[in-house]
Amino acid sequence: MKNKISLLLKIQIMRVLNPAFFRDNSDKKKKRRLLLTLAGAVLLGMLLMFYSGLMAYGYVKIGEAAVIPRMMLGTCSLLLIVLTFLKSGGALFGSRDFDMVMSLPIKAYQAVIARIGALYFVGLFVFVIFFLPAMAVYGAHEGMNGGMVFSIVVVLLFGPVLPTACALALGTLIVVITSRMRHTQLISLILYMVVFLGFMVWTGSLSGSDETKLAEIGILISDMMGRLYPPSVWAVSITEGRGIGGILMFIVVSSIVLGVFTAIVSAFYVPINSTVASLRRRQTKRVRTGRAKSPFRALYHKEVRRLLSSSIYAMNTTVGVLLMLLAGFAVLAVSPASIEKALGMPGIMQAANGFLPLLLAIMVSISPTTAPSLSLEGKSRWIMCSLPVEPRKIFEAKIALNLSITLPALLVSGICFWVRFRPQGLQTLLLFFVPVCYSIFSSVFGMYMNVKFPKYDWTHEQQAVKNSTSVFISVMAGMLLPIIPFMTVLRFPAWANLISAAGAGAALGIALYCGQRLRHTVLYE
Amino acid sequence: MSAVLEIKHFTKTYGNGKCAAKDVNLTVQKGEIYGFIGHNGAGKTTTIRALVGVMDFEEGEILIAGHSVKKEPVACKSVLAYIPDNPDIYEFLTGMQYLDYMADIYGVDTETRKQRIHKYAELLGMSKDLGNLIGNYSHGMKQKAALIGAFLHEPKLLVLDEPFVGLDPEASFRVKAMMQELCEKGSAIFFSTHVLEVAEKLCHKVAIIKEGSIIASGTMEQVKGDSSLEEVFLEVVEHEK
């Protein structure tokens, strides 16, 4: 029994990560690319750990170190709920390999444990990245002792359990409900976006305005987490000096929840999967042919449908645009004085006009839809390779999709920021021109990166959308290219216009170069 | 008769040194159904992928309706249709959306596509399933949807890799009828198959490939004579060992 679970778990973890890492790659080029990707992932992990430690240090500096354990546990748990929720569709019910797995000589609970285990593994990773460094800072300040080490180990091991179970339960509910509906994927996507935006608005509404209020945020989150789920209070009982009872209860409750959840899911695993599959196949109706349109429009519409069909693809590539829209509406809702107070930077309104174009540029260029779009062709790529369409038309349709999302959003956000900050003359022009240039850059650069680093052999879309080299490089470039001039503008505000224009010029230049290379690309299977 | 497909001295060697096709030469005329048979790994799929332009090759020339696959790929692809042996088509589209997409790409007008989709969908029993997502189709249904998509623009050259795998007997029968009808209109069909009885009944010409080389080719009568195609195939392949 143990061997079967570990075998199934191994496959599930490989599916979550990237099968390519586990393949024997005698191709030196591929090996080099994989190593680069791995190095990039490690670097990113280290940066995130550093950021987490820095945040904890901030609380230590303002004398509020005591809130760190509960706050970080709460933050990691919330983050994990959202991350797991976004991945939950098809994780337990409605997965493609259900038939294959359940035809093996295994029991349902073994398959369920393997699936939950793989997601738990991701949760463990989140806690290691964010919780551990913060607790290291906390421990360095408060003094590390045996009780604290025990607490940290317990939270690392048991912390992911409850958020994973909650998110999976919610995600499963959505799968079962939406499988009865006509536009399953679209409704799922809308639900995911509502949850995500709701989360962002909720955390944003907790922002304070000065040091005192900042400290209260930690207490507020801690209290809120305590009310949301009491186990987070139990888990930090030793660090908060309330003895061992709480943390033991945390271990027991987490174990019971895991056991009960696994038992319930196992009991209904086969019946619910069968129901989901049969509901999806039940709809039979005659439909009409569409009206003829140009090949480019056909390609573009296909790209739109591709995006809307996948919540992972849509959520991961539109997050920057959603944040930008949210920021635009937020600045309209909040008074200028409140913004200055909230940021703790008097006079920032004056300088905002200098860096706003680049701020928008950062948000619009971090996650282009083009970066994974070629990879997502996957096993169907023979279609695009055999069609009587020049490859550049295919790329243009994919680039057009990204631009059709970013440009209208830029217009809306730009107008919101213009209304609030009232830039004059050239600054108004730059407010729209600079982010548009960066949007073009990220669209074209993302496409070029995907042509250079395609990943067609994915078995789950997550591998193409989140774990691929093209996406990693595009996200990094999308962040760094506007951030460098942004930081320069903060340092030299008097030269803001020139720096912004130069940044936009550089972005356009790179886009032109990549565009030229794309024009001469030939697509083969 | 004008050649729809001409393969001249086609050779393909993969990066690992394996020579998948060696000096392959064959010609397919208008109105012909040409069978391409061989063992697994003989080079059938390699040849097919090269001629439809989804795979690059270094040596030789492939002409489709007089256009070079290397120099004028779009011109070649506009007159041909291709279905691989395991046609993974877009699972996020409904059957109808996929067919509309193919019709748009190949420039089939609204009325014509409506008539053809209706005709082929009725023939293959897919009319009620075109509103469903392809992701929910069985393998056979995906195969049928891909076939309808290929026949939609009445290509001059239809290239099929193992087209009968996954089709039920009735669908196989109807697909053969569709192929014959297409040829009567002047198109040509080039397909690979392991089902030698089908090739024997359907094809005007046949080529047998083994380890990348054509070892026998010609009209069905020339290749098989009085024997069955299966007997000839086994004999020829054995002789070449």
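As the structure is a prediction and not an experimental result, all values here were calculated from the model.

1. Details of the overall build of chain B
- Secondary structure assignment for chain B yields 9 helices and 10 strands.
- Taking 241 residues into account, the globule formula puts the C-alpha radius of gyration at 18 Å, and chain B, at 18 Å, falls close to it.
- In terms of overall dimensions, chain B has C-alpha extents of about 50 × 40 × 40 Å along its principal axes.
- Here chain B, with 241 residues, has 56% of them falling under the buried criterion.

2. Quick word on the overall build of chain A
- Helix and strand content of chain A: 22 helices and 0 strands.
- Taken over 525 residues, chain A has a buried fraction of 48%.
- Partitioning the intrachain contacts of chain A with sequence separation of at least 6 by distance along the chain shows that 84% fall at a separation of at least 24.
- Here chain A displays about 24500 Å² of accessible surface, and carbon together with sulfur accounts for 70% of that area.

3. Regarding the pairing of strand β2 (residues 19-29) of chain B
All names here are of chain B.
- Across 7 bridges, the pairing between strand β1 (residues 3-13) and β2 is antiparallel. Residue pairing in the sheet places F10 in a bridge with V24 of β2.
- What sits between β1 and β2 in their antiparallel hairpin is a turn of 5 residues, with G17 showing a positive phi close to 95°.

4. Here we look at the pattern of salt bridges
- Taken as a whole and judged by the stated rule, the model has 26 salt bridges over all chains.
- A salt bridge links E390 of chain A to R392 of chain A; the nearest nitrogen and oxygen atoms lie 3.2 Å apart.
- Taking the relative accessible area as the measure of exposure, R392 of chain A reaches 23% and is therefore partly exposed.
- The partner of E181 of chain B in a salt bridge is K185 of chain B, and the shortest N-O contact between them spans 3.7 Å.
- Residues participating in the shared-partner salt-bridge network are R116, K119, E154, E181 and K185 of chain B.

5. Let's talk about the domain arrangement of chain B
Residue and element names in this part refer to chain B.
- For chain B, the domain assignment lists domain 1 (3-79 + 155-239) and domain 2 (87-154).
- On the side of domain 2, 14 residues touch domain 1, which itself brings 22 residues to the contact.
- Each partner contributes to the roughly 1500 Å² buried at the junction of domain 1 and domain 2, and carbon and sulfur atoms together form 68% of this total.
- Three residues stand out in domain 1 for area buried against domain 2, namely P155, R174 and M178, and they jointly supply 37% of the buried area on that side.
- One can count 3 salt bridges joining domain 1 with domain 2.

6. Notes on the packing of aromatic side chains
- In this structure the tally under the stated criterion is 12 aromatic pairs over all chains.
- Taking the centre distance of 6.2 Å and the plane angle of 50° together, the rings of F127 of chain A and F131 of chain A count as tilted. In this pair, F127 of chain A and F131 of chain A are both assigned in helix α5 (residues 108-142), 4 residues apart and thus about one turn of the helix distant.
- For F131 of chain A, a relative accessible area of 1% puts it in the buried group.
- An angle of 50° between the planes, with centres 5.7 Å apart, marks the rings of Y120 of chain B and F151 of chain B as tilted. Linking Y120 of chain B in helix α4 (residues 110-123) with F151 of chain B in helix α5 (residues 139-151), this pair joins segments that are 31 residues apart in sequence.

7. With respect to the interface of chain A and chain B
- Taken together, the contact between chain A and chain B spans 36 residues of the former and 41 residues of the latter.
- Of the roughly 3500 Å² buried where chain A meets chain B, counting both sides, 59% is carbon and sulfur surface.
- Considering only the side of chain A, the residues that lose the most area to chain B are T289, W382 and P388 of chain A, jointly responsible for 19% of the buried surface there.
- Joining chain A to chain B, the criterion identifies 2 salt bridges.
- Here D104 of chain B makes a salt bridge to K293 of chain A, at a shortest N to O gap of 3.0 Å.
- There are 10 residue pairs in polar contact (both at pLDDT 80 or more) connecting chain A and chain B.

8. Digging into the confidence of the model for chain B
Residue and element names in this part refer to chain B.
- Confidence in the prediction for chain B averages 93 pLDDT; 99% of positions are at 70 or higher.
- Element-level pLDDT for chain B is lowest in helix α9 (residues 229-239), with a mean of 84, against a maximum mean of 97 in helix α3 (residues 95-105).
- Here the predicted complex carries an ipTM of 0.94, next to a pTM of 0.82.

9. Quick word on the nonpolar core
- Core analysis: the largest hydrophobic core is formed by 145 residues, its most contacted members being L5, L26, L51, Y98, L157 and F190 of chain B.
- Among the elements that take part in this core, helix α19 (residues 426-452) of chain A stands out by supplying 12 residues, more than any other.
- Y98 of chain B has contacts with W382 and I383 of chain A together with I89, Y90, L93, I134, A145 and A146 of chain B, leaving out every residue within four places of it along the chain.
- Core analysis: the next-biggest nonpolar cluster, separate from the first, contains 31 residues, A56, V60, F130 and M135 of chain A among them.

10. Things to note about helix α12 (residues 295-309) of chain A
- The end-to-end C-alpha separation of α12 of chain A is 21 Å, in line with the 21 Å expected for 15 residues at 1.5 Å each.
- Residues of α12 of chain A that are buried include every one of A298, L299, K302, E303, R306, L307 and S309 of chain A, and no others.

11. Side note on a negative patch on the surface
Residues and elements named next belong to chain B.
- On the surface, a cluster of negative charge is made up of E197, E230, E231 and E235.
- Considering every element that reaches the negative patch, the biggest residue donor is α9, with 3 residues.
- Among the secondary structure elements, E230 is positioned in helix α9.
- Since its relative accessible area comes to 44%, E230 is described here as partly exposed.

12. Topic: the pairing of strand β10 (residues 213-219) of chain B
All names here are of chain B.
- The pairing of strand β9 (residues 205-210) with β10 spans 6 bridges and is antiparallel. Bridging from a neighbouring strand, K210 pairs with S213 of β10.
- Once β9 ends, the chain turns through 2 residues before running back antiparallel as β10, passing E211 with a positive phi of about 50°.

13. Thoughts on the sheet that holds strand β4 (residues 59-64) of chain B
All names here are of chain B.
- An order of β2-β1-β4-β5 is seen for the 4 strands of this open sheet, with the pairing classed as antiparallel. Bordering the open sheet on either side are β2 and β5 (67-68), each of which pairs with just one other strand.
- The pairing of β1 with β4 spans 5 bridges and is antiparallel. Bridging from a neighbouring strand, L5 pairs with I64 of β4.
- Packing of helix α1 (residues 44-51) onto the sheet brings it into contact with β1, β2 and β4, and relative to β1 it is tilted by some 120°.

14. With respect to unusual backbone geometry
- Its identity as a non-glycine residue notwithstanding, A65 of chain B has a phi of 50°, on the positive side.
- Assignment of secondary structure puts A65 of chain B in the loop between β4 and β5.

15. Topic: the packing of α12 of chain A against helix α18 (residues 391-421) of chain A
All names here are of chain A.
- Contact geometry for α12 and α18: axes closest at 9 Å, N-to-C directions at 55°. Relative to α18, the element α12 is oriented oblique. Crossing handedness for the pair α12 and α18: right-handed. For the pair formed by α12 and α18, the contact residues are F296, L299, Y300, K302, E303, V304 and L307 on the first element and K393, I394, E396, A397, K398, A400, L401, S404 and I405 on the second.
- Broken down by class, the residue content of the contact of α12 with α18 amounts to 10 nonpolar, 1 polar and 5 charged.

16. Notes on a nonpolar patch on the surface
Residues and elements named next belong to chain A.
- A surface patch of nonpolar side chains, about 490 Å² in accessible area, is lined by F329, L332, L411, V412, I415 and V419.
- Looking at the nonpolar patch, the elements that each hand over two or more residues are α13 (311-333) and α18.
- Looking at the nonpolar patch, the element that brings in the most residues is α18, giving 4 residues.
- Considering the arrangement of structural elements, one finds L332 in helix α13.

Cut-off values and rules
- Residues numbered from 1 in each chain as written.
- Chains lettered and ligands numbered in written order.
- Predicted model: local features only at pLDDT ≥ 70, side-chain atom pairs only at ≥ 80, totals over all residues.
- Heavy atoms only, no water.
- Helix = DSSP H or I, 4+ residues; strand = E, 2+ residues; numbered from the N terminus.
- Rg over C-alpha atoms; globule rule 2.2 N^0.38 Å.
- Buried < 20%, exposed > 50% of the residue type's maximum accessible area, 1.4 Å probe, protein only.
- Contact = heavy atoms within 4.5 Å.
- Areas by Shrake-Rupley, 256 points an atom, 1.4 Å probe, with all protein chains shown as cover.
- Pairing = 2+ DSSP bridges.
- Salt bridge = Lys/Arg side-chain N within 4 Å of Asp/Glu carboxyl O.
- Domains from an automatic or database assignment.
- Buried area = accessible area lost by both parts, 1.4 Å probe.
- Phe/Tyr/Trp six-rings, centres within 6.5 Å; stacked < 30°, edge-to-face > 60°.
- Polar contact = N/O pair within 3.5 Å; in protein donor to acceptor, adjacent residues only side chain to side chain.
- pLDDT = per-residue confidence, 0-100.
- Core = buried A, V, L, I, M, F, W, Y, C linked by side-chain atoms within 4.5 Å.
- Expected span 1.5 Å × (residues − 1).
- Patch = residues over 30% accessible without salt bridge, like charges linked within 9 Å, V, L, I, M, F, W, Y side chains within 5 Å.
- Lys, Arg positive; Asp, Glu negative; His and termini not counted.
- Charge placed at Lys NZ, Arg CZ, Asp CG, Glu CD.
- Axes fitted to C-alpha atoms, helices over the stretch in contact; angles between N-to-C directions.
- Parallel < 35°, antiparallel > 145°, perpendicular 65-115°, else oblique.
- Left-handed = near helix turned anticlockwise from the far one by under 90°.
- Nonpolar A, V, L, I, M, F, W, Y, C, P; charged D, E, K, R; others polar.

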